[in-house]
Amino acid sequence: MTQDSPQGAPLLQVENLGVRFAIKRGGLFGEKRYLYAVDDVSFSLKRGETLAIVGESGSGKTTTALAIARLVDAYTGRVRVAEQDVLGIEGEDLRQIRRKVQFIFQDPYSSLNPRQRAEDIVREPLQSLTETSSEDQQKIIDRLFASVGLRPEQKRLFPHQFSGGQRQRIGIARALATQPELIICDEPVSALDVAVQAQILNLLRDLQAEFGLTYLFISHDLGVVQHMCDSIAVMYMGRVVEYTDRRSLFNDPKHPYTTALLSAVPSIDKKRRAEMKRISIHGDPPDPLAPQKGCHFANRCPMATDTCQQSQPALTDKGNGHMVACHLVT
Amino acid sequence: MTDEPIQKARSPFIEAWEMFARNRSAVAGLIILVLISLGAVFGPALYPTDPFDMVWAPFSPPGDAGFIFGTDYLGRDLLAMIINGARVSLIIGLAAAVVSIVIGVTIGALAGFYRGIIEEILMRITEFFQVLPTLLFSMVIVALFGASLPMITLAIGIVSWTAVARITRAEFLRIRELEYVMASRASGTKNAKLMFRIILPNALPPIIVQSALMVGSAILFEAGLSFLGLTDPNVVSWGQIIGSNRQYILDASYTVTIPGLAIFVTVLAISLVGDGLNDALNPKLRSR
């Protein structure tokens, strides 16, 4: 751990982050429109903790993660990692940040270069981001292979010679190579089968304890999130609708969307299952290119009122740091 | 958790070779190609007859007086001409393919990687070269700058790089969006390395096939140019033999057929090898 920030100060601070994609229509001089994939997203994350971002497909959770890792350009907002601005920097500064922030990708089948050997995949960040000598690189690679549970003789193999779970282990080893402080996990287990999911999640937890890592954990699976994180941000249509610690979110969900999401998590506990009433949300999210002025969730919300159709609720503290963006929650 | 069988790590070169060797038609193509190349390299030394000398009566049919392929309309030994012509055809074929790959891959890679205005400009240039009538354009170049071998090579390269550029661009557009390229970006890999070490190797299979086909089409192109008389008069080439004997096609058809067959067999062998390379270099097709 570096000592350049006081204990307890957040490692990652995201303020009013916005990402938009230009949609051009009709050739060279066509009108330009923007799709706001991430809109006014703020959260912070303390060292050694895990923040989960959950939401359905297209809610902007992956784009948020990519923007923090500088893999997609944000148009507004501020991202700070260890008191250092991330957005707008280039060259050597960006290299420093990349060393601190690493990424684990969703699909282990497409996130490994099929023409690189396993050890070269893990070596790439060492080569590009650090000045380690090649002997030291080899030592680091050997250690990482052991840490993620791969055998030394597998170093020389190509990605297609591994199973999905083993591939994700290589991806994790690559992310760990530069000794980062923050690791962004973009649905790291959603492409794996259930038995392997548990192995990888346990591995991630063990590594967190071993290296003191901080995770930003993206998922659509609340069941997975429940076992991984300290706090949770629920996203819908590019905005955070509820943001609080794990306990209050699971015991006392306030936003109607969160309530519906939680009711969809299967439970094996008979008593809990009986208590829980399944709330289903009908319809699809509205067209992101034609945003309405009210709450984005209003057209699917079972309790929407006129106010919800007219004005967008802000994310406000509803007591004890439980942030909710809903007019109906007081 | 890891009870899958351990696999030996072998060099990718050996793995590719084993895959290639399993493809019979590719091996056949390679054997033919090696024989032709050996003939081109050592043939003139082993069969020292000068292809420009009048050695026997004109229009002697194959086999006559020990001349295996017979003689042409000037009484020159056709076998000696074929052997010497192989040199020119293969050199021009390879060199022209290299020229067009260098131009095509560079332009395609830049266009596909950087997108935006760079892509617009480069692809409009590519389209400009694409709509030019290729044979006519190369004839203009050769007629303007002289019919020397380097100029003919350059002319063929300049008119045939567009296909490589388009294929390279298409592959770059596909691959640059893949997660492993993003992962390399997150690993701090610089643009030049990203383009040529990460994306290009993965874009190679279609480029290799196209290049192999291009060697063949460059040989055909050269044959076409020299058939029309646009060739270095001091060297023999297969197309030139066909061109100079074309008036006698009815009386002595072998003078045209034999060099034609030489071109056909060479181009076919190159295509077979290119196909085999495609399978061999794609690790996804390799046995597990």
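Asks: Would you mind showing me how to read the layout of surface pockets here?
Replies: Empty space among the atoms becomes visible once a probe the size of a water molecule is rolled across them. Volume-wise, the largest pocket comes out at about 670 Å³. Taken together, 21 residues line the largest pocket, and the ones lying closest to its centre are Arg70, Leu94 and Arg98 of chain A together with Arg185 and Asn191 of chain B. The set of elements that each furnish at least two residues to the lining of the largest pocket consists of α2 (91-100) of chain A together with α3 (78-114) and α8 (179-186) of chain B. Among the elements that line the lining of the largest pocket, the one with the most residues is α2 of chain A, at 5 residues. Partitioned by chemical class, the residues of the lining of the largest pocket number 7 nonpolar, 4 polar and 10 charged.

Asks: Would you take a moment to explain the sheet that holds strand β2 (residues 32-46) of chain A for this structure?
Replies: Backbone-to-backbone hydrogen bonds pair the strands of a sheet. The strands run either parallel or antiparallel. Residues and elements named next belong to chain A. On the basis of which strands lie adjacent, the open sheet formed by 4 strands has the order β2-β1-β4-β5 and antiparallel pairing. Of all the strands in the sheet, just β2 and β5 (84-85) have a single pairing partner and so form its edges. Of the pairings in the sheet, the one linking strand β1 (residues 10-24) to strand β4 (residues 76-81) comprises 5 bridges and is antiparallel in character. Its bridge partner lying in β4, glutamine 13 is registered against arginine 80. Against the sheet, helix α1 (residues 61-68) engages β1, β2 and β4, with an angle of about 110° to β1.

Asks: Help me out: how do you make sense of the confidence of the model for chain B in this one?
Replies: Detailed reading of predicted coordinates is not advised where the pLDDT is low. Residues and elements named next belong to chain B. Counting all residues, the mean pLDDT for chain B is 84, and 93% of those residues have values of 70 or more. The spread of mean pLDDT over the elements of chain B runs between helix α1 (residues 12-22), the lowest at 77, and helix α7 (residues 162-175), the highest at 92. Here residues 1-6 scores under 50 on pLDDT; set against residues more than four positions off or in separate chains, the count is 11 contacts. At the level of chain-chain contacts, confidence expressed as ipTM amounts to 0.81, with global pTM at 0.78.

Asks: Sorry, what's going on with the pairing of β4 of chain A here?
Replies: Regular strands show a simple pattern: their side chains alternate between the two faces of the sheet. All names here are of chain A. Alignment of β4 against β5, held across 2 bridges, turns out to be antiparallel. Considered in β5, the bridge of arginine 80 is made with aspartate 85. Hairpin geometry of β4 and β5 is characterised by an intervening segment of 2 residues between the two adjacent antiparallel strands and by a positive phi of about 50° at alanine 82.

Asks: Please explain the pairing of strand β9 (residues 231-236) of chain A as it appears in this structure.
Replies: Residue and element names in this part refer to chain A. For β9, the tally of buried residues reaches 6 of 6 residues, placing the bulk of the element in the interior. Alternating residues of β9 divide into Ser231, Ala233 and Met235 and Ile232, Val234 and Tyr236, and every residue in both groups is buried. One ladder, built from 6 bridges, connects β9 with strand β10 (residues 239-245); its direction is antiparallel. Opposite tyrosine 236, over in β10, you have arginine 239 as the bridge partner.

Asks: How should I be thinking about the pattern of salt bridges in this particular structure?
Replies: One side chain can pair with another of opposite charge once the charged atoms of both are near each other. If you walk through the whole model with that rule in mind, you get 22 salt bridges over all chains. Notably, a salt bridge pairs arginine 151 of chain A with glutamate 153 of chain A, separated by 3.1 Å at the nearest N-O pair. Arginine 176 of chain B serves as the salt-bridge partner of glutamate 177 of chain B, at 3.0 Å between the closest nitrogen and oxygen. Overall, the relative accessible area of 51% leaves glutamate 177 of chain B in the exposed class. Taking the relative accessible area as the measure of exposure, arginine 176 of chain B reaches 19% and is therefore buried. Among the charged side chains, a network of salt bridges with common partners joins Glu15, Arg78, Arg80 and Asp85 of chain A.

Asks: I'm lost on α7 of chain B in this one. Help?
Replies: For an α-helix the count is 3.6 residues per turn, leaving residues at separations of three or four pointing the same way. Residues and elements named next belong to chain B. With 14 residues, α7 extends 20 Å between its outermost C-alpha atoms, agreeing within 8% with the 20 Å of an ideal straight helix rising 1.5 Å per residue. Regarding α7, the residues found buried are Thr162, Val164, Ala165, Thr168, Arg169, Glu171, Phe172 and Ile175. The elements touched by buried residues of α7 are α3, α4 (116-131), α6 (149-160), α8 and α9 (191-227).

Asks: How should I be thinking about the packing of helix α5 (residues 134-145) of chain B against α6 of chain B in this particular structure?
Replies: Geometry of a packed helix pair, given as the angle between the helix axes and the separation of the axes. Residues and elements named next belong to chain B. For the pair α5 and α6, the least separation of the axes is 9 Å and the interaxial angle reads 150°. With respect to each other, α5 and α6 are oriented roughly antiparallel. Considering the relative orientation of α5 and α6, their crossing is right-handed. On α6, the residues that touch Thr134, Phe137, Ser138, Ile141, Val142 and Phe145 of α5 are Met151, Ile152, Ala155, Ile158 and Val159. Among the residues making up the contact of α5 with α6, the classes are represented as 9 nonpolar, 2 polar and no charged.

Asks: Help me understand the state of the cysteines in this model?
Replies: What we call a disulfide is simply a covalent bond connecting the sulfur atoms of a pair of cysteines. Residue and element names in this part refer to chain A. According to the stated counting rule, one finds 0 disulfides over all chains in the structure shown. Not part of a disulfide, cysteine 301 finds its nearest cysteine sulfur in cysteine 308, a span of 6.1 Å. Of the cysteine sulfurs around cysteine 308, a residue in no disulfide, the closest is that of cysteine 326, at 5.9 Å. Exposure remark for cysteine 308: the relative accessible area of 5% places this residue in the buried category.

Asks: Hey, could you run me through the nonpolar core in this one?
Replies: Residues and elements named next belong to chain B. Membership of the largest hydrophobic core comes to 48 residues, with the highest contact counts inside it found for Phe172, Val181, Ile219, Trp238, Ile241 and Ile263. Elements supplying a minimum of two residues to this core: α1, α2 (24-46), α3, α7, α8, α9, α10 (238-245) and α11 (254-281). The leading source of residues in this core is α9, at 12 residues. With residues up to four places along the chain from it excluded, the contact list for phenylalanine 172 reads Ala109, Gly112, Phe113, Met195, Ile199, Leu200 and Ala203.

Asks: Would you mind showing me how to read a nonpolar patch on the surface here?
Replies: Taken together, the side chains of Ile31, Val34, Leu35, Leu38, Val41, Phe42 and Leu46 of chain B define a hydrophobic patch exposed on the protein surface, amounting to about 710 Å² of accessible area. If you trace the backbone, valine 41 of chain B turns up in helix α2.

Asks: Could you clarify how one ought to interpret the packing of aromatic side chains in this entry?
Replies: The description of an aromatic ring pair rests on the distance of the ring centres and on the angle between the ring planes. Within the structure shown, the criterion is met by 11 aromatic pairs over all chains. An angle of 80° between the planes, with centres 5.1 Å apart, marks the rings of tyrosine 236 of chain A and phenylalanine 297 of chain A as edge-to-face. Within this pair, whereas tyrosine 236 of chain A is found in strand β9, its partner phenylalanine 297 of chain A is found in the loop between α10 (270-275) and α11 (306-310), the two being separated by 61 residues in sequence. By relative accessible area, tyrosine 236 of chain A is classed as buried at 2%. Residue phenylalanine 297 of chain A is classed as buried on the basis of its relative accessible area, which comes to 1%. An aromatic cluster of at least three residues, connected via ring pairs, comprises Phe128, Phe129, Phe137 and Trp161 of chain B.

Asks: Whenever I open this one, empty space enclosed by the protein confuses me. Can you help?
Replies: Within this structure, the stated rule accounts for 2 cavities of 30 Å³ or more. Along its surface, the largest cavity is lined by Ile68, Ala69, Arg70, Ile97, Arg98, Val101, Gln102 and Phe103 of chain A together with Ala186 of chain B. For the lining of the largest cavity, the secondary structure elements donating two or more residues are α2 and β6 (101-104) of chain A. Among the elements that line the lining of the largest cavity, the one with the most residues is β6 of chain A, at 3 residues. Tallied by class, residues from the lining of the largest cavity come to 6 nonpolar, 1 polar and 2 charged. In this structure, the second largest cavity occupies an estimated 50 Å³ of space.

Calculation criteria
- Residues numbered from 1 in each chain as written.
- Chains lettered and ligands numbered in written order.
- Predicted model: local features only at pLDDT ≥ 70, side-chain atom pairs only at ≥ 80, totals over all residues.
- Heavy atoms only, no water.
- 1 Å grid on protein atoms, 1.4 Å probe; cavity = no way out; pocket = protein on both sides within 12 Å on 5 of 7 lines; lining within 4 Å.
- Points joined across faces, edges and corners; volume = space filled by probe spheres on them.
- Helix = DSSP H or I, 4+ residues; strand = E, 2+ residues; numbered from the N terminus.
- Nonpolar A, V, L, I, M, F, W, Y, C, P; charged D, E, K, R; others polar.
- Pairing = 2+ DSSP bridges.
- Contact = heavy atoms within 4.5 Å.
- Axes fitted to C-alpha atoms, helices over the stretch in contact; angles between N-to-C directions.
- pLDDT = per-residue confidence, 0-100.
- Buried < 20%, exposed > 50% of the residue type's maximum accessible area, 1.4 Å probe, protein only.
- Salt bridge = Lys/Arg side-chain N within 4 Å of Asp/Glu carboxyl O.
- Expected span 1.5 Å × (residues − 1).
- Parallel < 35°, antiparallel > 145°, perpendicular 65-115°, else oblique.
- Left-handed = near helix turned anticlockwise from the far one by under 90°.
- Disulfide = S-S within 2.5 Å.
- Core = buried A, V, L, I, M, F, W, Y, C linked by side-chain atoms within 4.5 Å.
- Patch = residues over 30% accessible without salt bridge, like charges linked within 9 Å, V, L, I, M, F, W, Y side chains within 5 Å.
- Areas by Shrake-Rupley, 256 points an atom, 1.4 Å probe, with all protein chains shown as cover.
- Phe/Tyr/Trp six-rings, centres within 6.5 Å; stacked < 30°, edge-to-face > 60°.

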